[in-house]
Amino acid sequence: MDVPILVTILIALVVGVACAVGGYAYRKSVAEKEIGSAEDEATRIVNAAIKESETKKRDALAEARETIHQERSAFDREVKEQQAELKKQERRLQSKEDNLDRKTDQIEKKEEKLQNKLAAADRTREEAEKLKQSQLDELERISGFTTEEAKSYLIQQVQDDVTHEEAVKIKEIKTKYKEEAETYAREQIALAIQRCAADQVAEVAVSVVPLPNDEIKGRIIGREGRNIRALETLTGAELIIDDTPEAITISCFDPVRREITRIALERLIADGRIHPARIEEMVEKAKREVEATMKAEGERAILETNVHNLHPELVRLLGRLHYRTSYGQNVLNHSIEVSQLAGLLAAEIGADVAQAKRAGLLHDLGKSVDHEIEGSHVQIGVDLARRYKESDAVVHAIAAHHNDIEPQTIVACLVQAADAISAARPGARRENVENYIKRLERLEEISSSFKGVERAYAIQAGREIRVMVKPEEVSEDQMVILARDIAKQIEETMEYPGQIKVNLIRETKAVEYAK
C-alpha cells in the first residue's frame, strides 16, 4: 500500500476519533445540563408535593379532629340518654318491685284469712253434718223409715207420678187422633164397602162328581184299572172311588187340573164310552174349555174393574185365579173386590184411581202359579209384573201388600187396606180348625207372658183377647201402657185377618170383717 494513502487513512482516523470525542463531550455536557434541570424540576416538584401533602395532612387532621369531636359529642349525648332511660327503667322496676312486695304481703294476709275461713268452714260443715245426722235420726225415729227406705219410697212416688202422666198423655193422644182418624177412615171405608158388592164362591181342594148309578164306577175304573190310571195320568188329579153312593171324589191341590178332571169325567159319564182313547180326547176338550173359561174370566175381571192395557198373559193368569181359593175365598173375586175397594178409597182421598185399581187387581197374581214356581206368592207376583212391564208403583204395591217390605206410596197403603177389608169381612174366608185353635192359644200365651197378668182369654173367634190383671201389681195408669205393649207384641209376632181387640180388666176388691 502506498504511504500517502496510509497517512490519509490515519489522518481520517484521527479526525474521526477527535470528532467522536468532541461529539461525546458535547452530548455529555448537554445531557448533564438536562439532568441538572430535571433534578431541579424534580426537587421543586417533590418540595411542592411535600408542601401540598403537609397542607392536606394538616387539613385532614383538622377534619378528623372535627369529626372525632362531633362523634364524641353525639356518643356522649347518646350515652347520657341511655343512662337517663336506664335510670327511668330502674325507677319503674323499683316501683314495680315495691308494688309486688306490697301485693305479696296482701296475698299472704288474704291467704292467712282464707285459711282461717276454711278452718271455720270445716268446723261449720262438721257441725252441720252432726246436726244433719241428728235430724235424720230424729226423722227416722218419727217416720219409722230408714234413709234407704225413704229414698225407695220417694222413687216409687216419682215413678207412679211419671206413669200416671205417661198414661194420661197416651190417653190424650189416642183420643185425639182416634176421634179424628177413625171418623174419617170409617166414612171412607164404609162408602167404599157400600159401593162394592162382589159374590163370593167357596171352593175346596176336592170336587165331587155325581153318578147316575153305582155301576158306572166299574166302567170308570176299567179292566185292571186302565181307565182310571189313564185319566189320573193325563190330568194329574187323584180319583177316589169308595163306598160313597153315586159319587166320585176328585182330589188335587191344583184347582185347574181338578176342574179339567171334573169336566172330562162328567162328559165321559154322559157319553158312556169310557176307554183310554176317549179319555184322552175328553181331557183335551176339557183343557180347551178351561183355557177358554180362564180367558173369559180374566176378561170379565178387566171389564168389571175397568183396568185396560194388560198383557194377554196377565189376563190368562188372572183367569186362573177363578179356580184358586184362599181360606175358602175365591181369589179372582177377591182380587176384583180389592181392586174396586182400592179404587173407591183412592177416589175419596184424591189418589190415582186407575193405578190403585190396577195394583189391587194384580196384587195376588202370584197365587195363579204359586204351586208351580218356588217362592211366596208375593215374590212370584212381583216377578210376573216386572216381566210383563208393569209400572214400578204397581210392582211396589204388590210387594208391600203383606208388609214383606215397608209401603212407600199411597197406592200401596190403599191396596193393603182393601186387601184387609176384603179378607176380614165376616164369611169371606174360612180357616182350618187347627190353625184357628193355634192362633187362640198363641194370643193367650202372648198376653199371659206380661208381668201382672193373672189370666187371659181369647173370645169372639180370636178377634178379642180379654186380660185379667192383678190389681196389687198393675195400677189404673199402668193398664193403658200394658194394653199398648200387648197389642204391639201381637202385631209383631202374629199374622191374622182384620184386627184384635185387647181388653184389660182390673178388679178392685175391699175386704173388711165386722167383729
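The structure this text deals with has already been given above.
As the structure is a prediction and not an experimental result, all values here were calculated from the model.

The rules we used
- Residues numbered from 1 in each chain as written.
- Predicted model: local features only at pLDDT ≥ 70, side-chain atom pairs only at ≥ 80, totals over all residues.
- Heavy atoms only, no water.
- Patch = residues over 30% accessible without salt bridge, like charges linked within 9 Å, V, L, I, M, F, W, Y side chains within 5 Å.
- Areas by Shrake-Rupley, 256 points an atom, 1.4 Å probe, with all protein chains shown as cover.
- Salt bridge = Lys/Arg side-chain N within 4 Å of Asp/Glu carboxyl O.
- Lys, Arg positive; Asp, Glu negative; His and termini not counted.
- Charge placed at Lys NZ, Arg CZ, Asp CG, Glu CD.
- Helix = DSSP H or I, 4+ residues; strand = E, 2+ residues; numbered from the N terminus.
- Buried < 20%, exposed > 50% of the residue type's maximum accessible area, 1.4 Å probe, protein only.
- Core = buried A, V, L, I, M, F, W, Y, C linked by side-chain atoms within 4.5 Å.
- Contact = heavy atoms within 4.5 Å.

Novice: When you look at a positive patch on the surface in this model, what are you seeing that I'm missing?
Specialist: Side chains of K109, K110, K113 and K117 sit close together on the surface and give a patch of like positive charge. Among the secondary structure elements, K109 is positioned in helix α1 (residues 3-143). Its relative accessible area of 54% is what places K109 among the exposed residues.

Novice: Explain the side chain of E297 to me, please; I cannot follow it from the model alone.
Specialist: Summarising the element assignment, E297 is placed in helix α6 (residues 276-305). What makes E297 buried here is its relative accessible area of 14%.

Novice: Can you walk me through the pattern of salt bridges in this structure?
Specialist: When the charged atoms of two side chains with opposite charge come close together, those side chains can pair. Considering all chains together, one arrives at 20 salt bridges under this definition. With its nearest N and O atoms 3.1 Å apart, the salt bridge here joins E464 to R466. Relative accessible area serves as the criterion here: at 3%, E464 is assigned to the buried category. Residue class for R466 comes out partly exposed when judged on its relative accessible area of 31%. One salt-bridge network, in which partners are shared between bridges, spans D271, R273, R278, E281 and K285.

Novice: Which parts of the structure should I look at to understand unusual backbone geometry?
Specialist: For residues that are not glycine, phi is negative in most cases, and the peptide bond is trans in most cases. Of note in the backbone geometry, N309 takes a positive phi value of approximately 60 degrees without being a glycine. Checked against the element boundaries, N309 lands in the loop between α6 and α7 (312-320). Here the phi dihedral of K389 falls at roughly 65 degrees; this positive angle occurs in a residue that is not glycine. By the secondary structure assignment, K389 is in the loop between α10 (377-387) and α11 (392-400).

Novice: Any chance you could explain the nonpolar core here in plain terms?
Specialist: One recurring pattern in soluble globular proteins: nonpolar side chains tend to sit buried together. Counting 40 residues, the largest nonpolar core has L310, L318, L361, L362, L365 and L384 as the members making the most contacts within it. At the level of elements, α6, α7, α8 (331-349), α9 (353-362), α10, α11 and α12 (410-424) are the ones that each hand at least two residues to this core. Per-element tally for this core: the top contributor is α8, with eight residues. The contacts of L365, once residues within four sequence positions are left out, are L314, L317, L318, L321 and L384. Formed by 27 residues, the second largest nonpolar core is a distinct cluster that contains I250, V256, L265 and V290.

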